[in-house]
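Coordinate inspection notes
Single-letter residue listing:
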Amino acid sequence: MTEASRRSQLGLDDVFGPGGRLAGAFEGYQPRAGQRRMAELIRDSINDQHTLVLEAGTGVGKTFGYLAPVLLSGKRALISTGTKHLQDQLFDRDLPRLRDLLGVKAKVALLKGRANYLCKYRLELADEQARLPRRDDARALARIRDWATRTIDGDRADCAGVGDDHEIWPLVTSTNDNCLGRECPLYDECFVVKAREKAQKADIVVINHHLFCADLALRQTGFAELLPETDVVVLDEAHQVPEIASMFFGEAIGSRQLRDLAADTRAEQKHEARDQPGLAEAADTLKGTTDPVLEALARIDNERLPWAELADEASVTEALDRLGDALDGLVKELEIAAPRGKGLQALLGRAQGLRDELTAFREGKAETQGHAVRWVERRTRSFTLHTTPVNAAGQLKSHVESAPRAWIMTSATLAAGSDFSHFTRRMNLDDARCEQVESPFDFPNQAVLYLPPNLPEPVGPGGAREHTLASLRAVYPLLKASGGRAFLLFTSHRALKLAAETLGEHLTELPLFVQGTQAKSALLEAFREAGNGVLLGTQSFWEGVDVRGEALSLVMIDRIPFAAPGDPVRAAREQRLKDKGLVPFMHMALPEAIITLKQGVGRLIRDTADTGVMVLCDPRLQSKGYGRTILDALPPMRRTRDGRVARDMLLRPVEPPIKDPSETPTESLAEGSENTI
C-alpha cells in the first residue's frame with residue numbers, strides 16, 4: 001500500500017476515537033469532543049484552503065489537534081510556535097511521536113534564526129582576534145571550540161556548559177548584518193545553509209514566530225526567501241504574532257549594532273588591513289559616540305518616549321549629530337579598505353545601512369505619512385531608535401493572500417469573550433472563519449474564583465502600594481491553607497518587589513521563589529524540588545508555564561492587566577482608532593486586557609483532575625461596568641466573595657491527574673491557622 005493510500009484510509013476517527021490510535025498508545029487517554037472538533041475544522045480548512053482563526057480552550061489537546069490533520073493531509077506545511085523552547089518540544093517530541101503513531105513518513109525539519117547556529121568563520125576570528133575580558137568567557141569559548149568538532153547541526157541549544165544567554169555567543173554566531181553569504185570562505189560548511197537546504201526538502205518545517213516574521217520582512221525588502229513555499233501554515237500561540245510582526249516590519253538602530261560594527265571592524269582591520277590605522281581609529285570613534293547619546297537620554301525619566309518629545313533636546317540632537325559624523329567617517333575608511341577582503345566589503349555595507357537608517361529615522365518620512373511612529377527606547381547601558389508601523393496588518397494580509405493555501409491561527413486566547421474582532425483587526429483578516437472549541441474541564445466543580453471584598457483601588461496616589469498590601473492580606477490565609485503550592489502574579493515589578501519583601505518577613509515557614517533571583521528555568525526547578533513553594537512573578541509567568549496536579553492549587557493575580565499608559569506605539573494606535581470613530585478603550589485596551597488575563601487565569605486548571613482557587617484582587621472587576629464583561633470572558637468557575645469558600649476548596653481531597661499526551665507541559669513542575677500581615 002502506498003503512503004498516499006494509507007493516509008487516505010486513516011481518518012480522524014482512527015486517531016481520536018475511543019478505539020483510536022491515541023487511546024491505544026497512551027494509557028489514560030480520554031477522547032475529547034473538542035479535540036476531534038478542532039481537528040475537523042483544520043482538516044476542512046486545509047481542504048478548502050481558507051483561513052481559520054481557532055481558539056482552543058485549555059485541555060483541548062491543541063498540539064495533536066492540529067498535528068494530526070496536517071500529517072494526514074499529505075500537504076507541505078509550515079508550523080510556527082511562540083518560542084524556541086516550544087519549537088524544540090514540538091520537533092523533538094510531539095511530531096515524531098504522532099508521525100510514528102500514524103505511520104506517516106513525512107520528512108520534518110527544524111529551522112531557527114541564524115543567530116542560533118554556530119558560525120565557523122566567526123569562531124575562527126574569535127580564536128584569532130578576541131581579547132576576552134573575563135575568564136568565564138575564555139572557558140566558554142573553549143567549550144564551544146570543543147563542541148564545534150562534534151556538532152552535526154550547529155544548534156547552540158545543544159552546546160552543554162554554555163548557557164543560551166551567555167555573552168560569548170554573539171562573537172561566534174552571525175547576523176544578517178555580518179554574514180558574508182556566499183563570499184564566506186567556510187560557506188560550504190555553514191550550518192545555517194545546511195538547515196535551510198534541509199527545510200527546502202522537508203514536508204513539514206517547524207519554526208518560531210520571530211523567524212516567521214523576519215522572513216516576511218525580508219520578502220518585503222526583496223531579499224531571498226528564508227522559508228520554503230508551503231500549502232499549509234499553522235501559527236500556534238497566534239495571539240503573539242501581531243506584536244512580533246510590528247517589531248520586524250519596522251526599523252531599529254541601536255547602540256549594540258553600532259558597537260558590534262565597531263568591534264567587527266577592529267577585528268577585520270587586524271586581519272586584512274593592518275597598514276590602515278585610520279580604519280581602527282574610525283571604529284573607535286564610532287564606539288565612543290554611543291556613550292554621549294546614552295548620557296543625553298539618561299536625563300529622560302521614561303524608558304520609552306516618542307521622538308517628538310526629544311527632537312528639540314539640544315543634548316540629544318548634538319549627540320546624534322556626532323554619531324552620524326562618526327558613521328560617515330567609518331564609511332569613508334571602509335570604502336578605501338573594502339577591496340582588500342570580503343569581510344571588509346560586508347562591513348562597508350553594514351556601515352552604509354546603519355547610516356541610512358539613522359538618516360531615515362531623523363527625517364521621519366514614514367511618520368509624517370501616518371504609517372509609523374518614531375520612538376526611543378533607553379535602558380541602563382543601551383539605546384535603540386525605533387520606527388514602528390502603527391499597524392502591521394496590511395503587510396500580514398498581503399502574505400496571507402499571496403497564494404492559495406490554508407492558514408491556521410490557533411491559541412487558547414484569541415477572543416475577548418466570543419469576540420475575535422481585536423485579533424482579526426490587528427491581522428487584517430476580514431474573511432477568516434473564527435471558531436471556539438471549549439475546554440473539556442469542569443470549571444464549576446474544579447475551581448473557585450475568589451474576589452476578595454473591600455480591597456482599595458489600585459490606582460491613584462499611594463493606591464498601588466496599599467492595594468498590593470491589601471491583596472497580600474487577602475491571599476495570606478489561603479497560602480496557609482494550601483501549604484504553598486501557589487503562584488502570585490503581578491502586573492508590575494514594583495508590586496513584585498513589595499510582595500517579596502512583605503512575604504519574606506511574614507511567611508517564613510514557606511519557601512519563596514522570586515522572579516529575577518534566578519534564571520526562569522532554575523527558579524521553576526527549585527519550585528519543583530521544594531513542593532510547598534510560593535512563586536512570585538510578573539507577566540513572563542502568565543503563559544508558557546504548565547503546572548499540573550497538586551503542584552499548583554492557588555493562583556493570585558493582583559490587577560486587571562491593562563497596558564501601561566504612555567507607550568508611544570500604543571498612543572499612535574489609539575489615535576488611529578479615534579480617527580476611525582472607534583473608542584480605544586473598548587476596541588483595544590479592554591480586549592487586550594481580557595486576552596492577557598485569560599492567559600494568567602489559564603495557569604490554574606491544566607488537567608481533568610486539577611482543582612484550585614483563582615484569586616483576582618482588582619476591585620474594579622466588581623465596581624466598574626466593564627468588570628462584568630471581563631469576568632464573563634473567563635472560564636465558568638464558581639465565584640465567591642467569601643474567603644471561607646475558597647479555603648474549603650483548597651482543603652478538598654484531590655484525585656490523581658490523568659495523563660494527556662497531546663498537551664504535555666511546557667515547563668513541568670513536580671508535586672509538592674489563619675494569620676494576618
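Shown above is the structure to which this text applies.
Let me begin by describing the structure that accompanies this report. Here the structure is a predicted model, which is why all the values come from computation and not from measurement. (Residues numbered from 1 in each chain as written. Predicted model: local features only at pLDDT ≥ 70, side-chain atom pairs only at ≥ 80, totals over all residues. Heavy atoms only, no water.)

Observations regarding the overall build of the protein
Broken down by element type, the protein carries 28 helices and 18 strands. Its C-alpha radius of gyration of 27 Å places the protein within 12% of the 26 Å reference for a compact globule of 677 residues. Within the protein, the proportion of its 677 residues that are buried is 54%. Element-wise, carbon and sulfur atoms account for 48% of the exposed surface of the protein, whose accessible area totals about 29,800 Å². Seen as two clouds, the 87 positive and the 97 negative side-chain charges of the protein have centres 1 Å apart. (Helix = DSSP H or I, 4+ residues; strand = E, 2+ residues; numbered from the N terminus. Rg over C-alpha atoms; globule rule 2.2 N^0.38 Å. Buried < 20%, exposed > 50% of the residue type's maximum accessible area, 1.4 Å probe, protein only. Areas by Shrake-Rupley, 256 points an atom, 1.4 Å probe, with all protein chains shown as cover. Lys, Arg positive; Asp, Glu negative; His and termini not counted. Charge placed at Lys NZ, Arg CZ, Asp CG, Glu CD.)

Observations regarding the pairing of strand β5 (residues 232-236)
Of all the five residues making up β5, five are buried; the element is thus mostly covered by neighbouring parts of the structure. Side chains of β5 alternate between two faces, with V232, V234 and D236 and V233 and L235 buried alike. In this sheet, β5 lies alongside strand β2 (residues 77-81) in parallel orientation, the contact comprising four bridges. Looking across to β5, one finds that L78 is bridged to V233. Bridge analysis of β5 against strand β10 (residues 406-411) gives five bridges, and the strand direction is parallel. (Pairing = 2+ DSSP bridges.)

Observations regarding the state of the cysteines
Per the counting criterion, the structure on display carries zero disulfides. This cysteine, C179, is not joined by any disulfide, and C190 carries the nearest cysteine sulfur, 6.2 Å off. Overall, C179 belongs to the partly exposed group, its relative accessible area being 27%. With no disulfide partner, C434 has as its closest neighbouring cysteine sulfur the one in C213, 19 Å distant. Residue classification places C434 among the partly exposed residues on the basis of a relative accessible area of 31%. (Disulfide = S-S within 2.5 Å.)

What to know about the sheet that holds strand β8 (residues 372-378)
If you walk across this open sheet you meet the four strands as β6-β9-β8-β7, and the pairing is antiparallel. Each edge of the open sheet carries a strand with a single partner, namely β6 (251-254) and β7 (304-306). Looking at each pair of strands side by side, their axes are set apart by 20° on average, direction ignored. Examined bridge by bridge, β8 and strand β9 (residues 383-389) share seven bridges and lie antiparallel to one another. Bridge assignment links R378 to a residue of β9, and that residue is F383. (Axes fitted to C-alpha atoms, helices over the stretch in contact; angles between N-to-C directions.)

Side note on the nonpolar core
Counting residues in hydrophobic clusters, the biggest one holds 50 residues, and the most contacted among them are L111, I144, F212 and M409. Sequence-distant contacts of F212, that is, excluding residues within four places in its chain, are made with L78, S80, I207, L227, V233, L235 and W407. Grouped together as the second largest cluster of nonpolar side chains are 40 residues, Y29, V60, Y66 and L110 included. (Core = buried A, V, L, I, M, F, W, Y, C linked by side-chain atoms within 4.5 Å. Contact = heavy atoms within 4.5 Å.)

Observations regarding the pattern of salt bridges
This model, assessed by the stated rule, comprises 33 salt bridges. Here K120 makes a salt bridge to E189, at a shortest N to O gap of 3.3 Å. Note that K120 is positioned in helix α7 (residues 120-129) and E189 in the loop between α9 (169-172) and α10 (191-201), a separation of 69 residues in sequence. E189 gets classed as partly exposed once you look at its relative accessible area, which sits at 35%. R355 serves as the salt-bridge partner of D328, at 3.6 Å between the closest nitrogen and oxygen. Residue D328 is located in helix α15 (residues 314-337), and its partner R355 is located in helix α16 (residues 342-363); the two are separated by 27 residues in the primary sequence. Given the relative accessible area of 29%, D328 is considered partly exposed. Salt bridges here are not isolated pairs; linked through shared partners, they connect D13, R36 and E40. (Salt bridge = Lys/Arg side-chain N within 4 Å of Asp/Glu carboxyl O.)

With respect to the sheet that holds strand β17 (residues 612-616)
The seven strands are arranged β14-β15-β13-β16-β17-β12-β18 in an open sheet whose pairing can be described as parallel. Pairing within the sheet leaves two strands with one partner each, and these edge strands are β14 (512-514) and β18 (638-640). Strand after strand, the sheet turns through a mean of 20° between neighbouring axes, direction not considered. The pairing of strand β12 (residues 447-450) with β17 spans four bridges and is classified as parallel. Bridging from a neighbouring strand, L449 pairs with M614 of β17. Here helix α23 (residues 520-530) sits on the sheet in contact with β13 (486-489), β14 and β15 (534-537), set at roughly 170° to β14. Taken strand by strand, helix α28 (residues 643-650) contacts β12, β16 (554-557), β17 and β18, and its axis lies near 150° from that of β12.

Observations concerning the packing of aromatic side chains
Here the structure, examined in full by the defined rule, presents 10 aromatic pairs. Summarising the aromatic geometry, the rings of W147 and W169 are spaced 6.2 Å apart at their centres and angled 90° between planes, so their arrangement reads as edge-to-face. Here W147 is found in helix α8 (residues 135-148), whereas its partner W169 is found in helix α9, with 22 residues between them in sequence. Residue classification places W147 among the buried residues on the basis of a relative accessible area of 6%. Through successive ring pairs, a cluster of aromatic residues spans F487, F513, F527 and F541. The ring centre of F361 lies 5.9 Å from the NZ or CZ of R374, which sits over that ring. (Phe/Tyr/Trp six-rings, centres within 6.5 Å; stacked < 30°, edge-to-face > 60°. Lys NZ or Arg CZ within 6 Å of the ring centre and 35° of its normal.)

Details of the packing of helix α5 (residues 62-73) against helix α6 (residues 84-102)
Two numbers describe how α5 lies on α6: the axes approach to 10 Å, and their chain directions differ by 55°. Classified by the angle between their axes, α5 and α6 sit oblique to one another. Every pair of crossing elements has a handedness; the one defined by α5 and α6 is right-handed. For the pair formed by α5 and α6, the contact residues are T63, F64, Y66, L67, A68, L71 and L72 on the first element and L90, D94, L95, R97, L98, R99 and L102 on the second. Grouping the amino acids of the contact of α5 with α6 by side-chain chemistry returns 10 nonpolar, one polar and three charged. (Parallel < 35°, antiparallel > 145°, perpendicular 65-115°, else oblique. Left-handed = near helix turned anticlockwise from the far one by under 90°. Nonpolar A, V, L, I, M, F, W, Y, C, P; charged D, E, K, R; others polar.)

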